[in-house]
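Tertiary structure, described
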Amino acid sequence: MPLPRQAVSAPGKVFLAGGYLVLDRAYTALVFGLDARIHAIIEPLPTSPGVTLSEIIVKSPQFRDASWTYGYRLALDGGGIDITQLRVDALSELHRNPFLDTTLSFVLSYVATIASPTFQPASITIFADNDYYTKPNSDEPPTNAAQQRRFFDFQVPLWEAHKTGLGSSAALVTAVTAALLVHYLPEGSFSLTNEADRKRLHNLAQAAHCAAQGKVGSGFDVASAVYGSCLYRRFSPSLLESLGTSGSPDFGARLKALVEESSHASTWNTEIKKSAVAIPKGIRLVMCDVDCGSQTPGMVKKVLAWRKENPDVANKLWSELQSCNEDLATKLKDIEEGRLSDYGALTSCIGKIRSHIREMSRLSAVPIEPPAQTHLLDACSNVPGVIGGVVPGAGGYDAIVLLIKDDEQVVSELRRLLAGWKGVKDETDGVTIGKVSVLGVREEMQGVRVENVKQYEWET
Ligand SMILES: Nc1ncnc2c1ncn2[C@@H]1O[C@H](COP(=O)(O)OP(=O)(O)OP(=O)(O)O)[C@@H](O)[C@H]1O
Ligand SMILES: C[C@@](O)(CCOP(=O)(O)O)CC(=O)O
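- For the protein, an unreviewed UniProt entry supplies the name Phosphomevalonate kinase and the organism Viridothelium virens.
- As stated in UniProt under Catalytic activity (unreviewed entry), the record for the protein gives "(R)-5-phosphomevalonate + ATP = (R)-5-diphosphomevalonate + ADP".
- Quoted verbatim from the Pathway (unreviewed entry) heading of the UniProt record, the comment on the protein is "Isoprenoid biosynthesis; isopentenyl diphosphate biosynthesis via mevalonate pathway; isopentenyl diphosphate from (R)-mevalonate: step 2/3."

Structure follows, in structure tokens:
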């Protein structure tokens, strides 16, 4: 019997408070899932009668040249499943997508340890909600049918698309991992609504995402893709140290132990508190995309080097920032649960967070909240109904996030302000921020979920 066509989706994120601090387990992050999701639809790949293929095809139809064909086979010495990207014809170029090939090799290696290591060929289609990438000429009304579809046709290759920083790779890895598990694990042995199974998904997606990135970050983006909005404390990076690379002897067994936490050494100490976060009724998040962009890895390195050289100053500043961040989470919950009604308390809390972040920027000489973003945040904060805003995550010139009264009038006022926004040139680093646009996304509490596959029928 052929396996059914199934779909899952995972949310993007906005990192409201705790950037950099969260790299150290002593601190936490306040992360919100967004209603912009990455969808993965998986189905058997039809083959001619009598033909056996070991092939998985992944397509991203919103982009040009975005089709990846993989062959798979059992590696020697328990090394898991080897994945090889195949050239579909002699003339086509091979465009690698490390997030896909690493995810395939990790998930199939894991499945092979608990089910049959022979996999039926499959096809996976990826759709990303439009706000993950800046729309070309987004101020102009869509001109053709392709651009009016639910999933916009960006008409460029993926590497030319401008990301808006919503965590596309983490949502992609999480959605594809979940789709493969739902498809290949024996019926009844995995469900996205079962807590223990979500944990397995989290562990596997974190391991694959870190391997694809070639570094172990805090993992907040994969955690929010799996669990949605949460207060997050990272796992110890040493957990992943002994995993080794896919294909190395006994990789499959080590991966299984890590995913299933079968020993003390492979038990994840991640903390996810969903009950500690809320965006109260009457308030919403708004993201404004700044068409510029920063180099997060370089910024992280510099901030960490500054902290290492100045531990006393840095730790004092980080403790103060942590308590402001905790205060913000508490105040949001207090409003949500009726213990506080004054949004002014949130405004002052956000003001304190920003002033600590600017101090960290100054001391580390890293443009976390650079003057151009200060100018933008201040102007937005003066719009009636805007409670306050920050540079999310690593900061820089990527985007800003605002907490506002949940009222269309406030969004319209913001759009009016930003339509004529002229960034000032930053004297320190010479950067002028480009166009700023309000994205359509807002917060969402729910993490990864199964989707009704019928909704994509007219897209594929
Ligand atoms: N729609 C898609 N289809 C296939 N692969 C995608 C898609 N969107 C993103 N990716 C993969 O994710 C990579 C982008 O990941 P990266 O970590 O650089 O960005 P991000 O996660 O969106 O950024 P940020 O952490 O700033 O939010 C792409 O190069 C590609 O490999
Ligand atoms: C700086 C850091 O704390 C956050 C980076 O966040 P973002 O990719 O800018 O959303 C790094 C990390 O947590 O891995």
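Next comes the rest of the account.
1. Focus on the site of ligand 2
- Taken together, K13, F15, G19, Y20, V22, L23, G217, S218, F220, V300, G393 and A394 make up all the residues around ligand 2.
- At 2.6 Å, a side-chain N or O of S218 approaches an oxygen atom of ligand 2.
- In this structure, A394 approaches ligand 2 through a main-chain N or O atom, which is 3.0 Å from an oxygen atom.
- Contact with the protein chains covers 85% of the free accessible surface of ligand 2, which is 380 Å².
- Of the residues that constitute the shell around ligand 2, the class distribution is seven nonpolar, four polar and one charged.
- Two domains each provide a minimum of three residues to the shell around ligand 2, namely domain 1 (6-274 + 445-459) and domain 2 (283-444).

2. Section: the site of ligand 1
- Taken together, 16 residues lie near ligand 1, and S60, N97, Y133, G167 and S168 sit nearest.
- One nitrogen or oxygen atom from the side chain of S60 is found 2.6 Å from a nitrogen atom belonging to ligand 1.
- In this structure, S168 approaches ligand 1 through a side-chain N or O atom, which is 2.5 Å from an oxygen atom.
- Coverage of ligand 1 by the protein chains reaches 79% of its 650 Å² of free accessible surface.
- In terms of residues, the shell around ligand 1 owes the most to one element, helix α2 (residues 168-184), which gives three residues.
- Looking at the shell around ligand 1 residue by residue, the classes come out as eight nonpolar, six polar and two charged.

About the criteria used
Residues numbered from 1 in each chain as written. Chains lettered and ligands numbered in written order. Predicted model: local features only at pLDDT ≥ 70, side-chain atom pairs only at ≥ 80, totals over all residues. Heavy atoms only, no water. UniProt positions renumbered as here; feature names shortened; annotations may be inferred. Near = heavy atom within 4 Å. Polar contact = N/O pair within 3.5 Å; in protein donor to acceptor, adjacent residues only side chain to side chain. Areas by Shrake-Rupley, 256 points an atom, 1.4 Å probe, with all protein chains shown as cover. Nonpolar A, V, L, I, M, F, W, Y, C, P; charged D, E, K, R; others polar. Domains from an automatic or database assignment. Helix = DSSP H or I, 4+ residues; strand = E, 2+ residues; numbered from the N terminus.

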